[in-house]
Amino acid sequence: MQVHLLSIKRPVRFLAALALLPGLAGCFASPPGESSSDGGPSGSRLRVALAFPPAENFSPYGADATLLSRLGVTEGLTALDANGAAAPALAQSWRRENDRTWRFTLRDAAFQDGADVTPSAVAEALTRATRAKPGPAALAGVSLDAEADGSRGVRITTGAADPVLPMRLSSPSLAVLSPKAYEKKGAPTPVGTATGPFEITEVDSGGSATLDRFDDYWGGLAHASGIDARFVKDGTARANAVRTGDVDIAEAIPVAQAATLDKETLKEAGTTRTTGLHLNTRSGPFKDPGLRAAARTAVDSSVIVKGVFEGYADPGAGIYGPAVTWAEGKRVKPTGRAAAARPDGTRITLATYDNRPELPEVAQVVQQQLEKAGFEVKLQVREYSRLESDALEGKFDAFIGARNSLLDTGDPVGILASDYTCDGGYNLARLCDEKADRAVTKADQVDAMGERQDAAMAAEAEVLGTDAVVPLAHQRIIAGVSAGVRGVVLDPYERALVGVGTRR
């Protein structure tokens, strides 16, 4: 079967800059625009305020992978188009040779250290990803072998049939880095070893990163000469920085600050991100399905949407929200839920992070609703980088997080496998349910996309039936963009922000 024999000359690549910053005023100095030696685009540096600092020293295998793709640093063999289908990136075409084997044809491209992107380098990068501990969420439940095939081909064989492999390879966690990235022990470094239009040249542990334009990028010269990124946890500070002109782009503007921005600087778009309450099913009080049911029935998401998100969200309907346009018509009602037990003062610890400023407010509302139902709730709020490992290790009884349901692979089954199966790498609820695992496995074996979506919704119903997760709200992207800035990418998958054409 032939897939995407598409080759685009100097295509615009939707790669991004999205990071975070504490302390903005006066932090950004803008050098004058630079002219390229070959007469290509020149432009001022972009000043970008992002909400999340690197949590894992820019490891491409965890949460930082998306940060790298947003900054326009990394890319993989494929990307996702506006409809969520696989599109060419480092691979210009591919074809399926049999149920388990695909062959990808590489385009001419270079790594930022000057080496060519070769089949052997790509195969090594993918092989390293399969051996990472913990593994990338995009490879949850998947095994693959990659090998070079001639001067431009990479043949990938999966342990079982994988009809969405091209979509899977678009995941930021499967970015291709040069062999130099893996020379030292530990996680590979993307500094100077990636392929995107912007190259990290300096990282300040105090909360910033400097990126320069990569002049040999296969997709053409970026219009901006570089990016000065700051990682700013405080959402009000990000909004103020846009108002005062201290930054050109600020991500994740708090809904409370949206009304303070001029219409021309406030940008919003739908996103596949869902805020959910994850209940620890493996230890503590919520090991009891009756208490999980009590928590679910106690939560009123409409209050959260109106009171916290001020209308910039929709009530939680499931793991997939309205931005996943096909989901609502295929949704399956959960069955077999446990009857709600009486909490009778059961003590629980509820945690969330403050990088997304709405989440502590959401947590306070949920805390009040749970206490009204009879729970005794202790609330913990930290920065995400200081919270993630504890959450994944089950040190909290309940956790409120915001998760893009199509981020890891673009495939609706992907988040089910990574977040809600026994072997899932981002299983905040620590769910290990035989029926849910079986439904996810069944969905992952379906080839035709329409039928795969149906199977994913059936699996969603099995997960929701365990009450391991309570969907609270489906969010919208709110970004602050200075009036003179053009070409900002408001990506519903949240993989991109600054692209080749972003400029001021």
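As a reminder, the structure under discussion sits directly above these lines.
Colleague: Any chance you could explain the nonpolar core here in plain terms?
Modeller: Within the largest apolar cluster, 64 residues are counted, with the highest numbers of intra-cluster contacts made by L77, F104 and I156. Residue contributions to this core peak at six residues, all from helix α2 (residues 119-131). Among residues more than four places away in sequence, those in contact with F104 are L77, T78, A91, S93, W94, R152, G153, V154, I156, L165, P166 and L169. Counting 53 residues, the second largest nonpolar core, distinct from the first, contains L279, A298, L359 and A398.

Colleague: Which parts of the structure should I look at to understand the pairing of strand β5 (residues 91-98)?
Modeller: Two faces, one strand: in a regular strand the side chains alternate between the faces of the sheet. Across six bridges, β5 lies against strand β6 (residues 101-106) in antiparallel orientation. Paired with R96 across the bridge in β6 is W102. Turn length for the β5-β6 hairpin, with the two strands adjacent in sequence and antiparallel, is two residues.

Colleague: Help me out: how do you make sense of unusual backbone geometry in this one?
Modeller: Glycine aside, negative phi is the norm for most residues, and most peptide bonds take the trans geometry. In this structure, the amide linkage connecting K133 to the following residue, P134, adopts the cis form with an omega of -10°. The topology assignment puts P134 in the loop between α2 and β7 (144-149). A positive phi angle, near 50°, is found at E310, a position not held by glycine. Its location among the elements puts E310 in the loop between α7 (301-307) and β14 (313-315).

Colleague: Would you explain the side chain of Q257 in this entry?
Modeller: Locating Q257 in the fold gives a position in helix α5 (residues 255-258). Judged by relative accessible area, which is 14%, Q257 ranks as buried. A polar contact is formed between the side chain of Q257 and the side chain of T236, at a distance of 3.5 Å. The contacts of Q257, once residues within four sequence positions are left out, are T236, A239 and R243.

Colleague: Explanation requested: the packing of aromatic side chains in the structure shown.
Modeller: Describing an aromatic ring pair means giving the distance of the ring centres and the angle of the ring planes. Evaluated as defined, the whole model comprises eight aromatic pairs. Between F52 and Y353 the ring centres are 5.9 Å apart and the planes differ by 65°, which places this aromatic pair in the edge-to-face class. Of this pair, F52 sits in the loop between β2 (46-50) and α1 (64-70) while Y353 sits in strand β15 (residues 347-353), placing them 301 residues apart in sequence. Residue F52 is classed as buried on the basis of its relative accessible area, which comes to 16%. Ring geometry for W94 and F104: centres 6.0 Å apart, planes at 35°, overall tilted. Of this pair, W94 sits in strand β5 while F104 is found in strand β6, placing the two residues ten residues apart along the sequence. Using a relative accessible area of 0% as the deciding quantity, one classes F104 as buried. An aromatic cluster is present here, built from F52, Y353, Y384 and F399 joined pairwise through their rings. The ring of W218 is capped by R107, whose NZ or CZ atom sits 4.0 Å from the centre of that ring.

Colleague: Can you help me understand the packing of helix α10 (residues 412-420) against helix α11 (residues 434-444) in this one?
Modeller: The geometry of a pair of packed helices is captured by two quantities: the angle between their axes and the separation between those axes. Contact geometry for α10 and α11: axes closest at 10 Å, N-to-C directions at 150°. The interaxial crossing formed by α10 with α11 has left-handed handedness. Contacts between α10 and α11 involve V413, L416, A417 and Y420 on the former and, on the latter, D437, V440, A443 and D444. When the residues that make up the contact of α10 with α11 are grouped by side-chain class, the tally is six nonpolar, no polar and two charged.

Colleague: Can you help me understand the layout of surface pockets in this one?
Modeller: Any empty space left between atoms is shown by rolling a water-sized probe over those atoms. Quantified by volume, the largest pocket comes out at close to 900 Å³. Considering the residues around the largest pocket, the lining is formed by 47 residues, among which E56, G62, A63, D64 and E388 are closest to the centre. Only α1, α2, α9 (388-392) and β17 (398-404) provide two or more residues apiece to the lining of the largest pocket. Looking at the lining of the largest pocket, the element that brings in the most residues is α1, giving five residues. Partitioned by chemical class, the residues of the lining of the largest pocket number 24 nonpolar, nine polar and 14 charged.

Colleague: Can you help me understand the pattern of salt bridges in this one?
Modeller: Note that side chains of opposite charge can pair when their charged atoms are close. This structure, assessed with the given rule, holds 30 salt bridges. Close ionic contact of D215 with R213 constitutes a salt bridge, the shortest N to O distance being 3.4 Å. By relative accessible area, which is 48% here, D215 ends up partly exposed. Residues E393 and K395 are paired through a salt bridge, measuring 3.4 Å at the closest nitrogen-oxygen approach. Taking relative accessible area as the criterion, E393 reaches 47% and is therefore assigned partly exposed.

Colleague: How should the packing of α11 against helix α12 (residues 449-465) be read in this particular structure?
Modeller: Direction vectors running N to C along α11 and α12 enclose 170°, while the axes themselves pass 8 Å from each other. Regarding the angle of α11 to α12, the classification is roughly antiparallel. Of the residues in α12, those touching α11 at K435, A436, A439, V440, A443 and D444 are R452, A455, A456, A459, E462 and V463.

The rules behind the values
Residues numbered from 1 in each chain as written. Predicted model: local features only at pLDDT ≥ 70, side-chain atom pairs only at ≥ 80, totals over all residues. Heavy atoms only, no water. Core = buried A, V, L, I, M, F, W, Y, C linked by side-chain atoms within 4.5 Å. Buried < 20%, exposed > 50% of the residue type's maximum accessible area, 1.4 Å probe, protein only. Helix = DSSP H or I, 4+ residues; strand = E, 2+ residues; numbered from the N terminus. Contact = heavy atoms within 4.5 Å. Pairing = 2+ DSSP bridges. Polar contact = N/O pair within 3.5 Å; in protein donor to acceptor, adjacent residues only side chain to side chain. Phe/Tyr/Trp six-rings, centres within 6.5 Å; stacked < 30°, edge-to-face > 60°. Lys NZ or Arg CZ within 6 Å of the ring centre and 35° of its normal. Axes fitted to C-alpha atoms, helices over the stretch in contact; angles between N-to-C directions. Left-handed = near helix turned anticlockwise from the far one by under 90°. Nonpolar A, V, L, I, M, F, W, Y, C, P; charged D, E, K, R; others polar. 1 Å grid on protein atoms, 1.4 Å probe; cavity = no way out; pocket = protein on both sides within 12 Å on 5 of 7 lines; lining within 4 Å. Points joined across faces, edges and corners; volume = space filled by probe spheres on them. Salt bridge = Lys/Arg side-chain N within 4 Å of Asp/Glu carboxyl O. Parallel < 35°, antiparallel > 145°, perpendicular 65-115°, else oblique.

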